[in-house]
Amino acid sequence: MATSHSTTAAKATTKHASAKRSAKKHAARKATKKNAKKKLPVCTSKDLKTKKAKRRKCRVVKAKPKVVSPPHRATPTGPVAAPPATAPGRDAFPTAQTPAGATDGARAYTGSFGVAQAARLLHRAGFGPVPGQAEAFAELGLLGAVQALIDPGPAALVGPAPTGAYLVGGQFAPADKYGHLHLAMLDRQVRSTDSLTERMTLVLHDWFGVGTDNAGGLRLMAGHIDLLRANWRGSFRDLLMKVTQDPAMLTFLNGTDNTKAAPNENYGRELMELFTLGADRGAYTETDVREMARTFTGFRVDYSASLGLTNFRFDPTRFDPGTKTLFAGTPYERSGRLSWQDGVNAVVDHPMHPSFVVLKLWSYFIPTAPSPLTQADLEAIYRAHGEQLEPLVQAILQHPDLYTGPEMVKPPVVHAAALLRARESGITTDAWISRCSAAGQLMGYPPNVSGWNDRAWLNTSTHSARWGFVQELITPAVVRAADYTGKAESSDQALAAALTFWGTPQISADHRAAMQVVAAQTWVPKTPGDQYGSLATFLAHRQNALRQLAAAAPDFQVS
């Protein structure tokens, strides 16, 4: 009974409390209506700063948001215009025009073209000279040397073929073994007679930034590199068409996850931001990103336990057939049931595309920006040749800025390949995988879709790895005391021998002076703590040290 009485009392208390709250709410509503009738004054800013309990009776009125018109943004070709009635054809889009009197914007270098200039060309457009090549190119003159790179004839691999137990049946296995794509590319960089093609393959690998880990694995990545190598000389428009449907790219930027039910923006965004137009230039909007994503819907892939990702294809049932509008409100607007091909054409036809390509491509060869005059001429060359990269590369390689401008730091793999070429050595170890990775550049594995950071090639860690490059090539040919027994070598002879070991490269006066300090060291026999024991041992150590210093010094890191 006590329990029942307690429960009843509790219910009564709860009911009373509920009635009390209800009455309070009713009184509040009544007061609100009464205040509304009295038309209380509007609360001032001072009222609002006062605590609510102590505030005078007043009405809080929310300020109406200001309507701000979007800022007027001119298009690259002038003020915003009404959309065209129909999508214009490709020929209707504006192209860069060479200003009057600007015919020398893309002029050729006319200064001295000797061994130093030829070596710079070979380092920037290839992977450095093999012994005697810089001298041979100097005799061709600038135009002849550039033409030799542009048109080298049928590509062949010359020099020592790769050797070692790491090979599979005596060959690289880039589609199956970690790091073998890197080794296969490095081997071609060292041995191919078409150095420019291998350099442009590396440039485009950085441009598109596809990485193995997110590109469906080694097999698809190897195919991606083959695609870049085979298509760099043609139209950039055609290259983009191939890259867009490339299995590695479809996997890397989620192209096969992009459907009409759930559009994925990854490829559409990077296509404009990193591949064709550039970020923060006013070339496109977030609306364009969303509309572009819709144009690339429809691709799909199957999975097989034995093959992995396979049967990449376009499936019309996954494609968004609705009307899409790209670059709305501009003279180059595209609207309609746009396909993925329309999306690629739209960005290539965009008037800001040539300037992006020119500036990006130029930056791989020359560290300073082109003059407005040069840029205009190069944009005109690009359009006039149907968006082909080869004529643009040729014009850049002939430009005075390449030969009179500042030095550039060599990318790690360019440095590694240059050392191998200087020694005329083949790939004899898979240590080049770990060494290049430690230096900051493992091909097949760019850090992200924007590629490698070309401004961060050298620091205390990566330079140590480059020191290791040199060790890798010195160790098999290390000089020993027996090689100097009964012989003498002056400081000048020691210095000359060390440079001959690397193909007698051009070095600066400062570099030579620093090496002469080491070469000038002499051995005093029977001194306390003598670490050499004999003149022959000293001479061998001195020569090995000079070889290391010759190739690890600043001169060898830049071109």
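Residues numbered from 1 in each chain as written. Predicted model: local features only at pLDDT ≥ 70, side-chain atom pairs only at ≥ 80, totals over all residues. Heavy atoms only, no water.

We now examine the overall build of the protein. The number of helices and strands found in the protein is 23 helices and four strands. Considering only contacts within the protein whose residues lie at least 6 apart along the sequence, 72% involve residues at least 24 apart. When the accessible surface of the protein is summed, it comes to about 27,800 Å², and 55% of that surface belongs to carbon and sulfur atoms. (Helix = DSSP H or I, 4+ residues; strand = E, 2+ residues; numbered from the N terminus. Contact = heavy atoms within 4.5 Å. Areas by Shrake-Rupley, 256 points an atom, 1.4 Å probe, with all protein chains shown as cover.)

Take the nonpolar core next. Counting 127 residues, the largest nonpolar core has Trp207, Phe208 and Trp502 as its most contacted members. If you tally residues by element for this core, the top one is helix H4 (residues 133–150), at eight residues. Residues in contact with Trp502, not counting those within four places in the same chain, are Leu419, Ala422, Arg423, Val470, Leu473, Ile474, Arg547, Ala550, Ala551 and Phe556. Counting residues in hydrophobic clusters, the runner-up holds six residues, among them Val479, Tyr484, Phe538 and Leu539. (Core = buried A, V, L, I, M, F, W, Y, C linked by side-chain atoms within 4.5 Å. Buried < 20%, exposed > 50% of the residue type's maximum accessible area, 1.4 Å probe, protein only.)

Looking now at empty space enclosed by the protein. Across all of its chains, the model carries one cavity of 30 Å³ or more by this definition. As a volume, the largest cavity reaches approximately 50 Å³. Lining the largest cavity, in full, are Thr244, Met249, Leu250, Gly255, Tyr267, Phe296 and Phe299. Residue classes in the lining of the largest cavity are distributed as five nonpolar, two polar and no charged. (1 Å grid on protein atoms, 1.4 Å probe; cavity = no way out; pocket = protein on both sides within 12 Å on 5 of 7 lines; lining within 4 Å. Points joined across faces, edges and corners; volume = space filled by probe spheres on them. Nonpolar A, V, L, I, M, F, W, Y, C, P; charged D, E, K, R; others polar.)

Looking now at the confidence of the model for the protein. Per-residue pLDDT for the protein has a mean of 86; in total, 81% of the residues score no lower than 70. Long-range and interchain partners of residues 1–17, a stretch whose pLDDT sits below 50, account for zero contacts in this model, where long-range means more than four residues apart. (pLDDT = per-residue confidence, 0-100.)

One pass over the structure, following the stated rule, counts 18 aromatic pairs. With centroids separated by 6.3 Å and ring planes inclined at 50 degrees, the aromatic side chains of Tyr267 and Phe275 adopt a geometry described as tilted. The residues Tyr267 and Phe275 share a single accessibility class, namely buried. Chaining the aromatic ring pairs together yields one cluster made of Trp207, Phe208, Phe236, Tyr267, Phe275, Phe296, Phe356 and Tyr364. Geometry around Trp207 places Lys360 over its ring, the cationic atom sitting 5.3 Å from the centre. Stacked on the ring of Phe501, the Lys or Arg Arg423 has its end atom at 3.7 Å from the ring centre. (Phe/Tyr/Trp six-rings, centres within 6.5 Å; stacked < 30°, edge-to-face > 60°. Lys NZ or Arg CZ within 6 Å of the ring centre and 35° of its normal.)

Once that is clear, we can look at the pattern of salt bridges. Taken as a whole and assessed by the stated rule, the structure comprises 17 salt bridges. A salt bridge links Arg191 to Asp187; its shortest N-O distance comes to 2.8 Å. You can see Arg191 and its partner Asp187 sitting in helix H5 (residues 180–191), four residues apart, about one turn around the helix. The closest approach of N and O atoms between Arg300 and Asp315, which form a salt bridge, is 2.6 Å. With a gap of 15 residues between them, Arg300 in strand E1 (residues 299–304) and Asp315 in the loop between strand E2 (308–314) and strand E3 (324–326) connect regions that are remote in the sequence. The exposure class assigned to Arg300 is partly exposed, which follows from its relative accessible area of 28%. (Salt bridge = Lys/Arg side-chain N within 4 Å of Asp/Glu carboxyl O.)

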